[in-house]
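The chain contents come next:
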Amino acid sequence: MATVTIADDLTPLHHPKTWIGKYVWSLDHKVIAIQYSLTAIAIGLVALVLSALMRLQLGFPGTFDFIQPEQYLQYVTMHGMIMVVYLLTALLLGGFGNYLIPLMVGARDMVFPFVNMLSYWVYLLAVLVLVASFFVPGGPTGGGWTLYPPQTITEGTPGHQYGIVLMLVSLALFIVGFTMGGLNYVTTVLQARCKGMTMMRMPCSIWGIFVASIMALLAFPALFVAAIMMLFDRLAGTSFFMPAIVSMGQQLGHEGGSPILFQHLFWFFGHPEVYIVALPAFGIVSDLISVHARKNIFGYRMMVWAIVIIGALSFFVWAHHMYVSGMNPYFGYFFATSTLVIAIPTAIKVYNWLLTLWRGDIHLRVPLLFAIGFLFTFIHGGLTGLFLGNVSVDVPLSDTFFVVGHFHMVMGVSPILVIFGAIYHWFPLITGRMWNVTLGKLHFWITLLGVYSIFLPMHYLGFLGVPRRYYALGETAFIPASAHGANESITIAALIVAAAQTIFFANMIWSLFRGPRAGHNPWGAASLEWQTPDVPPAHGNWGPRLPVVYRWAYDYSVPGAARDFIPQNEPPADGERHHPT
Amino acid sequence: MSVIGTLTEKPWLTPGIDAAAIDRPDNDGRPFDPGIFLGVFLGVVTALFLLIASAYLMRMGVHGPLGHGAGDWGAITEPPLLWANTAILVLSSLAFQGAGIAAGRGARRAMRITLIVGGALGIAFLVGQVVLWRELQASGYFLAIHSGLCTVSGDPLAQPADLFISGNPAIAFLYLIMAVHGLHIVGGLVAWGRAIRRAFAGTVPAGLARSVTLCARYWHFLLLVWLAMFGLLLMT
């Protein structure tokens with residue numbers, strides 16, 4: 001018998017009556033997700049342009065007069081901060097989290113839609129404040145994305161006047177906005193799952209987003225505290241982080257502050273942040289591989305446990321970013337150990353992805369290509385992480401291009417490849433249209449080969465001792481001429497990859513208007529978001545009745561079944577007791 | 001179901017509707033229970049204040065043997081007003097507890113009175129903190145943001161202001177903790193305002209008792225955090 005629960009009541013949905021209510025001040029999680037995504041992509045494009053400018057300087061030093069050392073440092077800083085916080089975090093949690101959570105757990109919307117809407121507008125405000133820093137006297141801060149004091153707020157560093165203040169205010173706003181969203185993601189997963197959707201029937205995507213949201217809620221306060229304390233140091237003359245210091249021949253009023261205290265706070269946020277970005281990507285890539293290899297995810301419970309364990313462990317490794325900071329050397333022993341322990345659950349995930357592909361009915365569609373590309377870059381970045389996790393190897397490699405190559409592979413390129421795969425995968429649901437496959441594949445191959453051409457040589461540069469963050473290498477005896485050649489080729493590859501992204505955007509816009517109609521569930525996916533009565537899903541997602549879930553999200557290629565997938569909301573057939581595998 | 005039970009479920013073995021799935025009885029007429037939302041939020045605030053406490057202890061120099069602390073930390077004499085404000089917050093929390101009990105029993109008049117008293121005491125605490133802030137300034141511990149940004153002519157951010165919270169970092173932490181905790185109180189007052197509006201509505205709205213109970217929970221947490229922070233301030 002059909003039951004009517006409180007959640008079936010459609011009256012609290014507040015259907016919008018005007019265009020502005022529907023698309024601007026929207027309470028609908030799907031519209032908010034798109035707002036988040038478009039804003040994140042827009043500011044991400046700014047960061048992409050900044051990276052191209054950086055590469056122009058590094059590849060062809062002295063050629064471009066408009067890039068002076070000050071500008072170069074500002075490009076480095078803003079590129080890093082925008083990519084990590086304002087693009088990746090916002091897109092994966094604000095964008096995918098918002099779109100997927102209610103649809104995948106069978107809810108009509110987030111639990112608190114108004115707070116959810118507020119979350120986006122505060123995020124937008126944070127982005128605007130950040131952008132404003134480009135236009136203030138002195139420009140944005142050039143203190144490096146880690147914003148280490150004392151140099152970030154002392155004279156001589158670009159943007160030490162206004163830029164750093166706007167950066168810190170923007171970060172504080174971002175955290176406030178994210179907290180509103182994160183509270184919604186967590187409570188929606190805990191409270192608004194439809195009938196039958198137990199926690200262990202949730203797709204891996206939701207597990208990744210759920211655990212990453214909890215982590216972000218606990219880690220971002222560290223950045224918040226650090227930002228507020230540095231604002232006090234900058235504006236109110238306190239000495240939380242600022243030691244006694246002579247700047248430009250003048251004794252400043254600060255004394256006794258601890259720059260290492262800032263580093264601890266920053267990295268207590270900063271390292272979990274790596275996994276805040278990685279875990280949603282882990283979850284999403286699991287679903288992409290499973291759907292397009294037509295096979296249940298190998299070791300589902302292990303995958304979930306690994307996500308939870310990685311999330312917990314990531315709070316105990318932060319000081320591996322500080323081996324050369326002057327902290328007590330005994331810390332290094334502990335943090336190296338905890339860092340290497342994380343490799344265990346991470347390796348489990350990698351093996352399980354590979355074993356899911358093993359003997360699967362693989363359809364090499366564009367989303368799966370990106371997922372496989374992710375496996376390459378992630379394994380690569382993960383292995384170089386083992387080098388840097390060891391104190392004795394890290395010390396000589398610190399602040400070299402090896403580090404740049406490592407973290408771009410593991411937390412730059414890898415999540416971005418998953419994001420591309422995810423956009424190709426869910427675009428038919430979001431818009432009701434399919435992409436042009438040829439352009440999609442072209443985009444994939446240029447991007448994958450391009451990023452390898454960029455970041456693989458950086459590891460060799462690092463071994464040579466080429467330092468990161470330097471405006472120009474100059475006449476440096478230990479750096480051979482070949483390093484300059486490598487820098488030129490990296491720059492050319494970077495420009496090609498950046499230009500190739502126009503293929504992606506052109507394809508997206510063309511598909512939005514002219515792409516073939518996707519119809520219902522074009523990939524034959526079993527998870528709930530593809531089972532909505534309307535494509536794209538209407539406001540309220542599920543029509544008059546919420547769905548009821550009878551099985552997990554990975555019933556693919558079940559022997560004896562009529563199709564090669566069984567949707568989560570399909571009741572069990574007579575006599576069906578167990579998954580035949 | 002326990003966390004272990006949840007995580008060890010074998011989803012591939014159980015086609016059908018799990019007995020544990022949804023239809024929660026505690027929604028009390030509202031679509032979703034804000035209690036979980038509040039619980040997670042208080043978790044975030046706990047993390048925030050724990051980090052401030054860690055920073056406080058590190059800067060204070062308890063980790064001196066590990067290389068932290070500059071030896072510039074000095075004891076401060078707690079202003080008497082700090083004790084008075086703490087007492088006001090305790091009373092405020094008690095009043096909220098009373099409101100929660102009254103709401104549970106359906107004693108509407110008692111609930112309204114205690115709710116107003118609790119909120120008023122909360123505002124009194126906030127005012128007390130502002131007075132304390134001014135007292136600190138009067139005794140020479142200036143905030144440059146006040147004396148510098150507002151009164152110094154020319155470009156306020158371009159150069160260090162004349163007056164700092166210089167010297168003793170314990171005072172700087174006092175300002176910081178008061179500011180962040182003050183923001184926390186303002187958040188509580190917003191929730192209190194919503195509860196008051198509902199309490200004085202013509203008809204008793206569904207879930208009023210629940211929102212008063214949650215308000216009380218928020219206030220107890222507020223007090224707990226303040227007591228922890230107060231303890232830190234006494235440690236100087």
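- Chain B carries the name Cytochrome c oxidase subunit 3 in an unreviewed UniProt entry, which gives Edaphosphingomonas laterariae as its organism.
- Within the UniProt record for chain B, the comment given under Sequence similarities (unreviewed entry) is "Belongs to the cytochrome c oxidase subunit 3 family."

- You'll find chain A entered in an unreviewed UniProt entry as Cytochrome c oxidase subunit 1, with Edaphosphingomonas laterariae given as the organism.
- The annotation that UniProt attaches to chain A under Subcellular location (unreviewed entry) is "Membrane".
- Quoted verbatim from the Sequence similarities (unreviewed entry) field of the UniProt record, the comment on chain A reads "Belongs to the heme-copper respiratory oxidase family."

1. Quick notes on the overall build of chain A
Inference 1: Within chain A, the secondary structure is distributed over 14 helices and two strands.
Inference 2: For chain A, buried positions account for 63% of its 581 residues.
Inference 3: Across chain A, the fraction of contacts at a sequence separation of at least 24, relative to all contacts at a separation of at least 6, is 78%.
Inference 4: Accessible area for chain A stands at about 21,000 Å²; split by element, carbon and sulfur atoms hold 70% of it.

2. Topic: the packing of aromatic side chains
All names here are of chain A.
Inference 1: In the structure shown here, the tally under the stated rule is 60 aromatic pairs over all chains.
Inference 2: Relative to Phe-374, the ring of Phe-282 lies with its centre 6.4 Å away and its plane at 65°, an arrangement referred to as edge-to-face. Pair noted here: Phe-282 is in helix α7 (residues 259–292) and Phe-374 is in helix α10 (residues 366–389), with a separation of 92 residues, a long-range link.
Inference 3: For Phe-282, a relative accessible area of 1% gives the class buried.

3. What about the pattern of salt bridges?
Residues and elements named next belong to chain A.
Inference 1: Within the structure shown, the criterion is met by five salt bridges over all chains.
Inference 2: Here Asp-399 and Arg-468 are joined by a salt bridge, their closest N and O atoms 3.9 Å apart. Placement of the pair is Asp-399 in the loop between α11 (391–397) and α12 (401–431) and Arg-468 in the loop between α13 (437–464) and α14 (481–514), with a sequence separation of 69 residues.
Inference 3: Note that Arg-563 is salt-bridged to Glu-570, the shortest N-O span being 3.2 Å.
Inference 4: You can call Glu-570 partly exposed: its relative accessible area is 32%.

4. Brief notes about helix α2 (residues 29–59) of chain A
Residues and elements named next belong to chain A.
Inference 1: Under the 1.5 Å per step criterion, the end-to-end length of α2 is 44 Å for 31 residues, consistent within 8% with the ideal 45 Å.
Inference 2: Burial of α2 is extensive: 24 of the 31 residues sit out of reach of the surface.
Inference 3: For α2, the N-terminal cap is Asp-28; the gap from its side-chain oxygen to the backbone nitrogen of Lys-30 is 3.0 Å.

5. A short note on the environment of Trp-192 of chain B
All names here are of chain B.
Inference 1: Inspection of the secondary structure puts Trp-192 in helix α6 (residues 169–199).
Inference 2: On the accessibility criterion, Trp-192 (15% relative accessible area) is buried.
Inference 3: Remark: the alpha-carbon pair of Trp-192 and Ser-211, spanning 19 residues in sequence, is separated by 9.1 Å.

6. A closer look at the nonpolar core
All names here are of chain A.
Inference 1: By size, the foremost hydrophobic cluster in this structure holds 258 residues, and its most contacted members are Tyr-86, Phe-96, Tyr-123, Trp-207, Met-229 and Trp-353.
Inference 2: Here this core gets 25 residues from one element, more than from any other, and that element is helix α6 (residues 204–236).
Inference 3: Residue contacts for Tyr-86: discarding those within four places in its chain leaves Ala-40, Ile-43, Met-81, Tyr-123, Ala-126, Val-127, Leu-130, Met-167, Ser-170, Leu-171 and Phe-174.

7. Here's the deal with empty space enclosed by the protein
Residue and element names in this part refer to chain A.
Inference 1: Per the stated rule, a full pass over the model turns up five cavities of 30 Å³ or more.
Inference 2: One number sums up the size of the second largest cavity: a volume of about 50 Å³.
Inference 3: Listed by contribution, the elements that provide at least two residues to the lining of the second largest cavity are α7 and α12.
Inference 4: A class-by-class count of the residues in the lining of the second largest cavity yields nine nonpolar, two polar and two charged.

About the criteria used
Residues numbered from 1 in each chain as written. Chains lettered and ligands numbered in written order. Predicted model: local features only at pLDDT ≥ 70, side-chain atom pairs only at ≥ 80, totals over all residues. Heavy atoms only, no water. UniProt positions renumbered as here; feature names shortened; annotations may be inferred. Helix = DSSP H or I, 4+ residues; strand = E, 2+ residues; numbered from the N terminus. Buried < 20%, exposed > 50% of the residue type's maximum accessible area, 1.4 Å probe, protein only. Contact = heavy atoms within 4.5 Å. Areas by Shrake-Rupley, 256 points an atom, 1.4 Å probe, with all protein chains shown as cover. Phe/Tyr/Trp six-rings, centres within 6.5 Å; stacked < 30°, edge-to-face > 60°. Salt bridge = Lys/Arg side-chain N within 4 Å of Asp/Glu carboxyl O. Expected span 1.5 Å × (residues − 1). Polar contact = N/O pair within 3.5 Å; in protein donor to acceptor, adjacent residues only side chain to side chain. Core = buried A, V, L, I, M, F, W, Y, C linked by side-chain atoms within 4.5 Å. 1 Å grid on protein atoms, 1.4 Å probe; cavity = no way out; pocket = protein on both sides within 12 Å on 5 of 7 lines; lining within 4 Å. Points joined across faces, edges and corners; volume = space filled by probe spheres on them. Nonpolar A, V, L, I, M, F, W, Y, C, P; charged D, E, K, R; others polar.

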